[in-house]
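# Examining the three-dimensional arrangement
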There are 2 protein chains.
Amino acid sequence: MKRVEYPAPLKQLVAQLKRMPGIGPRSAERIALWMVSARNARPGEIAAAIASMSETVRPCPQCGFFTTEPLCEICADEARESELLCVVEEATDILPLERTGAFRGRYHALGGRISPLDHVGPDDLRIDALVERVRKEHPTEVILALGSDVEGEATANYLAGLLREFPVKLTRIAQGLPAGGGLEHADELTLSRALSGRVKV
Amino acid sequence: MKRVEYPAPLKQLVAQLKRMPGIGPRSAERIALWMVSARNARPGEIAAAIASMSETVRPCPQCGFFTTEPLCEICADEARESELLCVVEEATDILPLERTGAFRGRYHALGGRISPLDHVGPDDLRIDALVERVRKEHPTEVILALGSDVEGEATANYLAGLLREFPVKLTRIAQGLPAGGGLEHADELTLSRALSGRVKV
C-alpha cells in the first residue's frame, strides 16, 4: 500500500518553515498544520506581512539599521550627537543598545565580524565605509561595541589598527560581571576581565 | 528624544509571527530579524509557500484530511477497506495513525471534540456527516480513536448513543501503559485503565 503523505504544498511549506532560526522539524509541522487547519490562522495575513516587509524594509545605506526611508530614523535625526560613533557587528545589535537609553550618538553596523574559520575577512564587512565615515564625519570618539569572543577581539584589533591614523578617541565597551550575576556564576575569563577592568570607587 | 523602533512593516511581521503556535515574542523577533538581515533567508520563498499552501490545500469533503484534489489520497484509494471507519478528533490525527501501518480503512475527522467549556457542541462538529457516512457506506466496524481525556470520553459516549441504531460494531482504541513506560511513571488513572482493559495472554 502506498504510504500516505501530506499534499505537496503542505510539505513544501514545512520545508520552508524549517529554515527559520529556532524552528525544528516538529515545530515546522505544527505551524504548517495550524496554518492549514486552525479557524483563526489566516495564513494569508502572515504571507502578506512577510512579503510587505521584504519589499519595503532595507538596510540604511549609512549605518546598516533597518528602514523604509532613504536614511534610517537614527541617521536622519538631526538631534543626534555626531561626535559619537558606535560600531556594532550586526544591525540587530543597534536596538538593544538604543533601549539602554545610555547612548545618543550614531551607529555603524559592520554586517558581521572578522572570522577566518567562516571565511569572513575585512573585505566582506562594511569596514571601508566605516573609515570613510570617520574621515568625513569627524567623530571625536568611536566606541567599539563588539562581542567579547575571539572574533570580536580580532575585529576590534583590526579596526584599532586602521583608525589609529585619525584624530579620534577609540574605546571599547566594558567587559565584566553581568548585572545581577554573583561571582559563583561567572567563568574564569569573565572574572579575569572584570579584575583587569576594575574601576576606582 | 524619540524612542527608536523598528520600521512598521517589520513590527507588523513580528506581530503576525507571534500568532503562530509555539512562537513567543522573542522567537518572533528573532525570525523577523533573520528574514530582514540574513543573506540566505529568502523570505519571499517562505511567503510564497504559505500563499501556495493556503490557496491549494483544502480539507477532504469526505474525511477532513488535507488534499489538493476533490477527494483526499485515502478516500480516493480503491484498495482501502471500506468496512473499517476510524473516527478521530482532528485531521492532524490521521497521519500519526497512518504511520503505524496498523490500519487500512478510511477515516473521519470530527474537527474537534464536544467541550461545553469551550462552547463546542455536537452541532459544531462533523457528526451529522459521520452518521450519513455510516448510513451510506455500511462499515462493519467504527473505531473511535478519540483522546483519553474527559472531552474525548464525552464525545465517544455521544457518538455511541447515535450509532447504536446501526448494525455496526463500535470500538474504542485501547488505553493503558504507553510503550516503553514502566509502572513507576504511570499515573493512577492510566494504571486503573490498564488494569480494567487487561487481556488474556
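Everything here concerns the structure above.
The structure contained in this document is the topic of the report that follows. Given the structure is predicted, the values throughout are model-derived calculations rather than measurements.

## Quick notes on the overall build of chain A
Tallying secondary structure elements over chain A gives eight helices and six strands in all. Moving toward the C terminus, one meets the helices and strands of chain A in the order α-α-α-β-β-α-β-α-β-α-β-α-β-α. Relative to the 2.2 N^0.38 estimate, which gives 17 Å for 201 residues, the radius of gyration of chain A is 22 Å and therefore markedly larger than a compact globule would have. For chain A, the spread of C-alpha atoms along the three principal axes comes to 75 × 50 × 35 Å. Here chain A holds 201 residues, and the buried ones make up 40% of them. Total accessible area on chain A is roughly 11400 Å²; 54% of this is exposed by carbon and sulfur atoms.

## Concerning the interface of chain A and chain B
Reports of interface size often rely on the accessible area that becomes lost once the parts have come together. Opposite the 57 residues of chain A that make contact, chain B presents 57 residues. When the two sides are added together, the surface that chain A and chain B hide from each other amounts to roughly 5200 Å², 69% of it contributed by carbon and sulfur. Where chain A meets chain B, there are one salt bridge. Going through the elements one at a time, helix 1 (8-18), helix 2 (25-37), helix 3 (43-56), strand 2 (66-67), helix 4 (73-76) and helix 5 (94-100) of chain A are the ones with two or more residues in the side of chain A that touches chain B. Sorting elements by how many residues they give to the side of chain A that touches chain B places helix 3 of chain A first, with 11 residues. Here the side of chain A that touches chain B is composed, by residue class, of 30 nonpolar, 12 polar and 15 charged.

## A look at the pattern of salt bridges
Taken as a whole and judged by the stated rule, the model has 23 salt bridges over all chains. Note that A:Arg80 is salt-bridged to A:Asp77, the shortest N-O span being 3.9 Å. When the shortest N-O distance is used, the salt bridge between B:Arg42 and B:Glu45 registers 2.8 Å. The class for B:Arg42 is partly exposed, based on a relative accessible area of 40%.

## Focus: the environment of B:Ile173
All names here are of chain B. Along the chain, Ile173 falls in the loop between strand 6 (169-172) and helix 8 (188-196). With 68 residues separating them in the primary sequence, Ile173 and Gly105 have C-alpha atoms 14 Å apart. Leave out the neighbours within four places in its chain, and Ile173 touches Ile143, Leu144, Ala145 and Leu146.

## Considering the sheet that holds strand 6 of chain B
Residues and elements named next belong to chain B. With parallel pairing, four strands are arranged side by side in an open sheet as 4-3-5-6. Each edge of the sheet is formed by a strand with only one pairing partner; in this case those strands are strand 4 (106-109) and strand 6. This sheet shows a mean twist of 25 degrees between the axes of neighbouring strands, independent of strand direction. Here strand 3 (residues 84-88) runs beside strand 4; their pairing, made up of four bridges, is parallel. Across the sheet, Val88 pairs through a bridge with Ala109, a residue of strand 4.

Conventions used here
- Residues numbered from 1 in each chain as written.
- Chains lettered and ligands numbered in written order.
- Predicted model: local features only at pLDDT ≥ 70, side-chain atom pairs only at ≥ 80, totals over all residues.
- Heavy atoms only, no water.
- Helix = DSSP H or I, 4+ residues; strand = E, 2+ residues; numbered from the N terminus.
- Rg over C-alpha atoms; globule rule 2.2 N^0.38 Å.
- Buried < 20%, exposed > 50% of the residue type's maximum accessible area, 1.4 Å probe, protein only.
- Areas by Shrake-Rupley, 256 points an atom, 1.4 Å probe, with all protein chains shown as cover.
- Contact = heavy atoms within 4.5 Å.
- Buried area = accessible area lost by both parts, 1.4 Å probe.
- Salt bridge = Lys/Arg side-chain N within 4 Å of Asp/Glu carboxyl O.
- Nonpolar A, V, L, I, M, F, W, Y, C, P; charged D, E, K, R; others polar.
- Pairing = 2+ DSSP bridges.
- Axes fitted to C-alpha atoms, helices over the stretch in contact; angles between N-to-C directions.

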